[in-house]
Amino acid sequence: MATIQETTRPPRCLDDVPGWFPVLDQLLFDWFLNRQESAGMRGDLLEVGVYMGKSAIFIGRHRQPAERYTVCDLFEGDAPDDANQAESAKSYSALTRRLFEENYTSFHDDLPRVLQGPSSVVPAEVEAGSCRFVHIDASHLYEHVHGDIGAAHDLLLPDGIVVLDDFRSEHTPGVSIATWEAVLNRGLRPICLSTQKLYGTWGDPEPVQEELLAMVRERSDCDLSVQEAAGHRIVRLKSKGMRAPEFPPAKHAEAAEEPVPQEQAAPASAATPAPSPARPAPRRSRSRARKLAVDLLPPVVTRAIRNARAARK
């Protein structure tokens, strides 16, 4: 995240919520979460860094009965150190908890559990080994991201999924260093990379990778590249004109007008109905036209014409 976007209130659809949540990542979130649910996997959901709530709203649709969904953000609160405070003031000065909650409740009846504070509060508030899906999109500073990845490791179930945002953006080198350090030295196994996010697990990535590859190879709107690096299979994905998954409109979105049945449709103007197109005059043969012309002449002229014709015969 680098800039502040203007907010549209109240949002009528997910796209009205400001934030950075590309179409490809919407597809991948949906696919990973649906896969877990189809397999009968149960576990809590966690997002660290919510901004205005775009991805949080999306994840919230996947909360199953008896699952807990927790989100954490500084909002307008104080950061734990000067560097984090400067980052927050520069990029997220428009963010308030009230805006997030208004956006979220435009789509859901209940709020998730909201932790207002630095991400360092999460380990004490979320039970270890309880989460199936963790999305980390908070501070871009190396020290904070390092801690967030360590927390995700402790909070995830054995085959849970962690998603790390901005792992290769030009303006976030701290995220890049912390992410690849986790891959090389802390046991994180990459499943796939999108343009913006790394999807990984501390479990076995191969089964989910195989299913993901099968899904992607059936699509024409996703570029695929597979490479090997440092003993890891790296699956790279890129949108190619992809459309976002369907997402329900906001609760207060204006209902679409129902089409008027044909038999009930009013004319364009009752006072001045549209004129019917003129019917073309019937075509007559040349001989019939001449006869009609002669018949219309005065009797004296008509007799003279007939006498002249008779004389020629």
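Higher on the page you've got the structure.
Summarised in this report is the structure supplied together with it. Bear in mind the structure is a predicted one, so any value in this text is a computation, not a measurement. (Residues numbered from 1 in each chain as written. Predicted model: local features only at pLDDT ≥ 70, side-chain atom pairs only at ≥ 80, totals over all residues. Heavy atoms only, no water.)

1. Quick look at the state of the cysteines
- Overall, the coordinates contain 0 disulfides when judged by the stated rule.
- Cys222 carries a free sulfur, and the closest cysteine sulfur to it, the one in Cys192, is 9.0 Å from it.
- With relative accessibility at 7%, the residue Cys222 sits in the buried group. (Disulfide = S-S within 2.5 Å. Buried < 20%, exposed > 50% of the residue type's maximum accessible area, 1.4 Å probe, protein only.)

2. Here's the deal with the pairing of strand β1 (residues 44-48)
- Of all 5 residues making up β1, 5 are buried, and the element is well covered by its neighbours.
- A crossover links β1 with its parallel partner strand β2 (residues 69-73), the connecting element being helix α2 (residues 54-60), and its sense is right-handed. (Helix = DSSP H or I, 4+ residues; strand = E, 2+ residues; numbered from the N terminus. Right-handed = clockwise from strand over helix to strand, strands pointing away.)

3. Thoughts on the environment of Asp73
- Turning to its location among the elements, Asp73 is positioned in strand β2.
- Along the sequence, Asp73 and Glu47 sit 26 residues apart, while their C-alpha atoms lie 8.9 Å from each other.

4. Observations regarding the packing of aromatic side chains
- For the structure on display, the rule yields 13 aromatic pairs.
- Judged by centre distance (5.4 Å) and plane angle (80°), the ring pair of Phe21 and Phe58 falls under edge-to-face. With a gap of 37 residues between them, Phe21 in the segment before α1 (23-38) and Phe58 in helix α2 connect regions that are remote in the sequence.
- The class for Phe21 is buried, based on a relative accessible area of 5%.
- Put simply, the rings of Phe21, Phe29, Trp31, Phe32, Phe58, Phe107, Phe133, Tyr199 and Phe247 pair up and form one aromatic cluster.
- Over the ring of Phe247 we find Arg61; its NZ or CZ atom is 5.4 Å from the centre of that ring. (Phe/Tyr/Trp six-rings, centres within 6.5 Å; stacked < 30°, edge-to-face > 60°. Lys NZ or Arg CZ within 6 Å of the ring centre and 35° of its normal.)

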